[in-house]
Amino acid sequence: MTERNFWFVTRPLRDPQYHADGLRALQKATNNFTLKWTRNRPLHQKYEQCLVDAGMKQNNISHDGSGGRTWVAMLKTYCYVYEDSNGYLKPTKVAKAILVGKKVPENICKQVLTLQIPNSYFIGPTFRPKFSKYYRIQPIIFLILLANSKLLDKYITKNEIILFAMTAKRNEELKAKIKQILKYRKNNDEEKAKIEIQIFNDNGDISRADSRGDFSKYVDVANTFTILCRFTGFALADSDHGGLKGINDPKLWEKFEHFCNRYPFNSRIDTDPQFYTLSAGLDVDTYKTQYGINATPASRARKRNIKAQQLLKDYPQPEDLGMEELTTILSKEFIGFKAQKIAEDIKSRNFKVTSDSFVDSYLHEEDNLEFERKTARILRGMGLMTEMHPDPTTAFNNVNENIDLLAETNDEDMILVDAKNYSRNFNLSAALRNVMANSYIEGYKGYDGLNPKYYCYVTANTNSNEKNLQKINELALKNSGLEVHGMMISASALYWLLNYCSENDIPEENRPGLFVKLFQDKSYESFVQVAKALNIHL
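How each quantity is defined
- Residues numbered from 1 in each chain as written.
- Predicted model: local features only at pLDDT ≥ 70, side-chain atom pairs only at ≥ 80, totals over all residues.
- Heavy atoms only, no water.
- Pairing = 2+ DSSP bridges.
- Helix = DSSP H or I, 4+ residues; strand = E, 2+ residues; numbered from the N terminus.
- Core = buried A, V, L, I, M, F, W, Y, C linked by side-chain atoms within 4.5 Å.
- Buried < 20%, exposed > 50% of the residue type's maximum accessible area, 1.4 Å probe, protein only.
- Contact = heavy atoms within 4.5 Å.
- Phe/Tyr/Trp six-rings, centres within 6.5 Å; stacked < 30°, edge-to-face > 60°.

Student: Can you help me understand the sheet that holds strand S4 (residues 236-237) in this one?
Tutor: Adjacent strands of a sheet form backbone hydrogen bonds with each other and so pair up, either parallel or antiparallel. Judged by pairing direction, the sheet is antiparallel, and its three strands sit side by side in the order S3-S5-S4 without closing on themselves. This sheet does not close on itself; its edge strands, each paired only once, are strand S3 (155-156) and S4. Direction of pairing for S3 relative to strand S5 (residues 244-245): antiparallel, over a ladder of two bridges. Counterpart to Tyr-155 in the pairing with S5 is Lys-245.

Student: Can you walk me through the nonpolar core in this structure?
Tutor: Across soluble globular proteins, nonpolar side chains show a tendency to be buried alongside one another. Core analysis: the biggest nonpolar cluster contains 78 residues, and Trp-7, Tyr-47 and Tyr-80 have the highest contact counts within it. Ignoring sequence-local partners within four residues, the contact set of Trp-7 consists of Ile-117, Phe-131, Tyr-135, Ile-137, Pro-139, Phe-142, Leu-143, Ala-165, Met-166, Ala-168, Val-221 and Phe-225. Counting 45 residues, the second largest nonpolar core, distinct from the first, contains Ile-415, Cys-456, Leu-497 and Cys-501.

Student: How do you make sense of the environment of Lys-150 when you look at a structure like this?
Tutor: Its place among the elements puts Lys-150 in the loop between helix H6 (139-147) and S3. Under the relative-accessibility criterion, Lys-150 is labelled exposed at 73%. When the C-alpha atoms of Lys-150 and Asp-202 are compared, they prove to be 28 Å apart, with 52 residues separating the residues in sequence.

Student: Please explain the packing of aromatic side chains as it appears in this structure.
Tutor: Pairs of aromatic rings are described using the distance from one ring centre to the other and the angle between the two planes. Within the structure shown, the criterion is met by 31 aromatic pairs. Seen from their ring centres, Tyr-422 and Phe-426 are 5.2 Å apart, and the 90° between their planes marks the pair as edge-to-face. Given a relative accessible area of 0%, Phe-426 falls into the buried group. Among the aromatic residues, those joined into a cluster by ring pairs are Phe-275, Phe-358, Tyr-362, Phe-371, Tyr-495, Trp-496, Tyr-500 and Phe-527.

Student: When you look at unusual backbone geometry in this model, what are you seeing that I'm missing?
Tutor: Note: most residues except glycine have negative phi, and most peptide bonds are trans. The linkage connecting Ile-117 with the following residue, Pro-118, adopts the cis geometry, with an omega of 5°. With respect to the helices and strands, the residue Pro-118 is situated in the loop between helix H5 (104-113) and H6. The residue after Arg-128, namely Pro-129, is reached through a cis peptide bond having omega -10°. Tracing the chain through its elements places Pro-129 in the loop between H5 and H6. In this model, Asn-31 sits at a positive phi of 55°, which is unusual for a non-glycine residue. With a phi angle near 45°, Lys-103 is a residue other than glycine that sits in the positive phi range. For Lys-103, the position within the fold is in the loop between helix H4 (93-99) and H5. With a relative accessible area of 40%, Lys-103 lands in the partly exposed category.

Any functional reading would require information that these geometric values do not contain.
Structure (structure tokens):
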């Protein structure tokens, strides 16, 4: 199926001021979100009826509840709700705030402005066709910036929105798109037509039977985006050219720039979509700004910060490193006193040195040994002492390599860590179950005066066959006389746990206790599941 190369947004209605009405109708239909949504067509139809009763929909209930599902798709798009593993719709914090009447316009405006491609709904199984993999853009912010560009005389026409804005895939394309629009405007009608044909040929979505290489297919979507931009107040309707025009209020524009700094593209979508939804679905009062993000550094300082990020890209939370280690790493390219000053700024959290590069490389690591090393760094950040590939105290029951990692908590508890860098799903098979139970757990008895108490599979992607964790426990007790507990945890969930500890200033000595609480013979693929097990309220 052809990928999408034009912007799209789910739009059973265009005006976001009625998002609150859609939420209230959903709350009523689901009995305050207590009824299962998945494959429940009568409930989908009931939601349609609640929308009709609220005046949000024409009195035309579909036979299969598709109208209700479309409205829920829109609410998912803006991160008001998400579907949990049991098929229930759950409201995010911003939805809860709206439902109790708390800062309703401000919260809806935030969700509109922070709309991004991709988001959890767009990468989900029911959304087709998928967007091209190159998308990393906040379309409403991008279009507002175009409409307010002085280089474009602070306006953008409807056709220009379709041709140039709606074909943008990344926030960084802004300057390039402005240049393309200026070039387009200088041409005569004949040359413009050639440019239009080329753009439709290069980006055309041919997934529909009625697909056409002209503007008509995209006008409705473009109209929706202009309404969304106008709703925020940072762009206006342009009656002279059609489309949008900029604002002439310096204080209001300063507010927009502050918003852009406060809410950058949310990269959590790349690593943990459900956690992304919860973080993107925070209301305006509880959203936690990342330190240093409101300040726009001068050019020299920005270059310094970028270089520091590059030097520290292999460390999951550089802010947690000691001053001496930080200074040593930074001294590779900064002279002594500058390295010391940057280290002090990092420790004081004057700017955010943690970049997306670590978690991105960690989750897509091709070198198995490097995947193990990065796992060890995260575990050390969690306050654990680690050792890679230690020799067992006794011979294994069969020929096996040494355990990938051995971790200890304050010389009390031993944890065996098996790092599984599978590009797709890791299945805990019977054979792997037996290796852990009969070889590793038995083989490391008495190591450093301790016995294995916990075991952990860290998986690069998803995992399955959770039931074998309990079987490992039974075999270990039977064969080695040891009572153990285990878990499978995705690399992304493990990373975001460390990130949570760092951002919430949890002392290093308290972190091992949090980690040990996860050994409930369960599988954790998302940090949301981790947070639930630890009673962390996201």
